[in-house]
Amino acid sequence: MQTLHPVLKHGGLFSDWELLPRAMFEDRYARIQHAVAAAGDDAWLIYGDAQRYGDVAYVSHFVPRLRSVVVLVPKSGKPDILCSIGSRDIPASKILTWFEDMRPYTRLPGEAVKLLNDRGLTGARMGLVGTRSSLPIAEWQAIAAELPGVVWTARDAEYAALRRTKDPAEDDALRRSADAVAAAMREAEQALRPGRTVREATAEIDRALRFAAAEDIRILVASGAGAGLQLRPPDERMLNAGDTVLLYLQVEVQRYWSQAARTFVLGPPVEAQRALTARAESALAAMQAAVRGGARAADVAAAAKAALGDELFAVAESYGLGAGIGLDAVEPPAIALDSTATIPDDGALSLHVAVHAGGYGAIAGKTLLVRNGCVTTLGAEPSA
Amino acid sequence: MRSGKVEQPVIDVKSDLDVRLDRVQRALREKALDGLVIYYGGQHNMLRMDQIMYLTDYRTLGPAVLLVPRDGVPELIMAPVWDAARAKETGANVRVTAVSPERLLQTAAAAAQGLPGRIALSGRPIMPLAAYDEFMHAFGGELLDGETIVTTVGAARTPGELERVEHAAKIADLGFEALRATAHVGMREYELAAEVEAVMHAAGAEDNFGLIAAGSHNLAVRPPTDRRLEKGDVIIGEITPCYRGFLAQLCRTYILGEATGVQRTKHDMLLRALDAGMAAAKPGTPSAMIARAINGVIGAAGYEEYCKPPYMRTRGHGLGLGGVVPYDITDGASPTLERNMTMVIHPNQYIPETGYMMLGDTVVIEDDGPRALTKTPLKLFSKEA
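All of these numbers come straight from a predicted model, not from anything done at the bench. Chains are numbered independently. Their residues run from 1 in the order of the written sequence. As a convention, the first chain written is A and the first ligand written is 1, with the rest following in written order. Whole-chain, interface and lining totals are the exception, using all residues; otherwise, since this is a predicted model, local features are given only for residues with pLDDT of at least 70 and side-chain atom pairs are given and counted only at 80 or more. Each side-chain value is worked out from all heavy atoms of the structure, with water and hydrogens disregarded.

### Quick notes on helix H10 (residues 288–303) of chain B
Residue and element names in this part refer to chain B.
Then, number 1: Over its 16 residues, H10 extends only 19 Å from the first C-alpha to the last, a length that falls short of the 22 Å expected when each residue adds 1.5 Å.
Then, number 2: We call a residue buried when its accessible area falls under 20% of the maximum for its residue type, exposed when it is over 50%, and partly exposed in between, using a 1.4 Å probe and counting protein chains only. Put simply, DSSP marks the helices as runs of H or I at least four residues long and the strands as runs of E at least two long, and each gets a number from the N terminus on. Residues of H10 that are buried: Ala 288, Ile 290, Ala 291, Ala 293, Ile 294, Asn 295, Ile 298, Gly 299 and Tyr 303.
Then, number 3: The contact definition used throughout considers only heavy atoms, calling two residues in contact when any of these lie within 4.5 Å. Those residues of H10 hidden inside the fold are in contact with helix H9 (261–280), strand E14 (342–345) and strand E15 (349–351). By this rule the span expected of a helix is its residue count minus one, scaled by 1.5 Å.

### A short note on the environment of Arg 48 of chain B
Residues and elements named next belong to chain B.
Then, number 1: Secondary-structure assignment places Arg 48 in the loop between strand E1 (35–40) and helix H2 (51–56).
Then, number 2: It is 31 Å that separates the C-alpha atoms of Arg 48 and Leu 380, two residues lying 332 residues apart in sequence.
Then, number 3: We define a polar contact as two N or O atoms separated by no more than 3.5 Å, with the added condition that, inside protein, one atom must be a possible hydrogen donor and the other a possible acceptor, whereas residues neighbouring each other in sequence contribute only through side-chain atom pairs. Polar side-chain contacts of Arg 48 include one of 2.8 Å to the side chain of Glu 147.

### A word on the sheet that holds strand E4 (residues 102–104) of chain A
Residues and elements named next belong to chain A.
Then, number 1: For two strands to be treated as a pair, DSSP must find no fewer than two bridges joining them. Spatially, six strands are ordered E4-E3-E2-E1-E5-E6 in an open sheet, and the strand pairing comes out mixed. Each end of this open sheet is capped by a strand with a single partner; those strands are E4 and strand E6 (151–154). Within the sheet, the average angular offset between the axes of one strand and its neighbour, ignoring direction, is 25°.
Then, number 2: Here strand E2 (residues 68–74) runs beside strand E3 (residues 80–83); their pairing, made up of four bridges, is antiparallel. Axes here refer to lines fitted to C-alpha atoms; in helices the fit is confined to the stretch in contact. Angles between the N-to-C directions go from 0 to 180 degrees.

### Concerning unusual backbone geometry
Then, number 1: Of note, the bond from Ala 79 of chain B into Pro 80 of chain B is cis; its omega dihedral lies within 30 degrees of zero at -5°.
Then, number 2: Note that Pro 80 of chain B resides in the loop between strand E3 (75–78) and helix H3 (84–88).
Then, number 3: In this structure, Ala 213 of chain A is a non-glycine residue whose phi angle is positive, near 70°.
Then, number 4: On the secondary structure map, Ala 213 of chain A appears in the loop between helix H9 (198–211) and strand E7 (214–224).
Then, number 5: Backbone geometry at Asp 57 of chain B places phi at a positive 65°, although glycine is not the residue there.
Then, number 6: Here Asp 57 of chain B shows up in the loop between H2 and strand E2 (64–69).

Next up, the structure:
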């Protein structure tokens, strides 16, 4: 689900090396170096920013709290990481990665060119990861102009294939993230009450998540009589008795995202509300039942369509039905009717169903773990 | 959770947006431009002005493009479709076209082709390679550099903008009050940040460029970690709530225990430096004068070599709708201060005897100098642990 990007990751930023051990990253690094050599390249440059950092975090565990970051993985030897920070920020930034060498930059092109010079890569075959989707054109043109002897090749597909291999420790990280979301949903039962604004209520939910060491928190809400309204970031609307509140949470803990969504009614629900909520939840259950390693993502979406019918499905589809989730909040595969992707044998999925009809609205969502043929809901099951 | 209330300002947003659009369209005519294409990636940043928000009062979820003709009604092309209602209800005199994220750039390029004559682009520095290629290929023409048109006319705050910055400043004061009230030995840094955040969020802040760090000898301000607060810690806070798109910043230092004599003496130096910086912040003078005044005080106290990175970054920066003129306040900065510019002035400084200490206020430049919008007393705060 698309959410509002903050000006800064302002939650707790640190590394829990017991949760995600350094050895896991060293293994990943070795696998990437093997892929670099197998591709016939001398090194790969991996670019990320505060919005899309999954590729960088996968190898380094580093997360940029703002702006951008670049990792250099040579086919042999140690990695380098360039961070858009000041030199005074290095001590605090180094706790976020197992890499030993960190270089700060204010302007990427100059420092990137210097790094490739220092590493003797000015005539190299370089693979690029994340650059087309995220690196600003002006910075790319400046780098390419300074390094005419480098042969650049996009390696996004090769890197994505490496990222699909999941480490067992990732399950624990996803579980911790999902547990924080589940606890926040329980907090929401108390926080969402008449006589206060949506923002006041979500402040309590946000606080619960930050106390659970969330690094980034995204909240979308629709509230009102029936709440047949589109989701939006929290606002100053006053909650009233009888209101329906659609709550969507997307949260990052130790670099790993999870999400959940739930419908709340601030009083006894009317039958139409109850029925619509049941439709959303049954569509979510139908999608979950269709999830298994190797299943087509399109079939998972089709399960939602069968449960909702054409009209409601069109609304749900406009929000999206879910996707892979992990180091990025939205990863492949997208759950959509026109998707040609399959569900990985080991991975995590976000599934959500948001619908509006007849002035009413409902939402349901969860994070699933797919492992060895088993599909598990992460975080506590939401209660109706 | 602690709570704090501040009265929400009543702002005539529509009139204010009309003023901003008029400023931009007048600038286009002065530059003999027929239109401006503004791209914004949705990656919000305190140090970059959100030019689409400036003209539409809409804070985008993802990438968006605003087409501003030299005369007439601008068109906002945004995604996702389900967020269109929020884009349309801002009161801006803007036509909203909602499309799927996959269709955004193609739709924007086709609409931009409808702008006749000389067209400029703003947003190239943040436009990803693929997005730029897709847009330019679909547009098929040349775009001139329009990067500074909106930032230039938006250098000073309109009345509506100023109300929001003032409100954000009140929220920042509440945030520091929460820090003082909740900080205790044994608490994790991120838990303290959560308490500050919660109070500001409830008071209307939708975002925060918040850095809160603690230690016996801080090298710089940094994000909160899982470290537990200890007796005697120096807690430094850069608290920067965002209210309806506009930011204000408060920098203060809090000792979790009794402040030492050295800490008080060095903090007094920062107070004198802030006074000097404030005195230099007059309309018509270069912003560099602020930095030079601050560095003069700190340098005279024997810390001249510390008046440069890595011991400090800047003596303040433009602050409002993201990064605005005069940008970073350094002793080489060139922008001239104007009435109704807003900025934070902060002689934040690493000092060998005490570690990093913070002190700074958000101000608006008025005819006779700066007026502080943040109201937290200017002193070194402390409490018995």
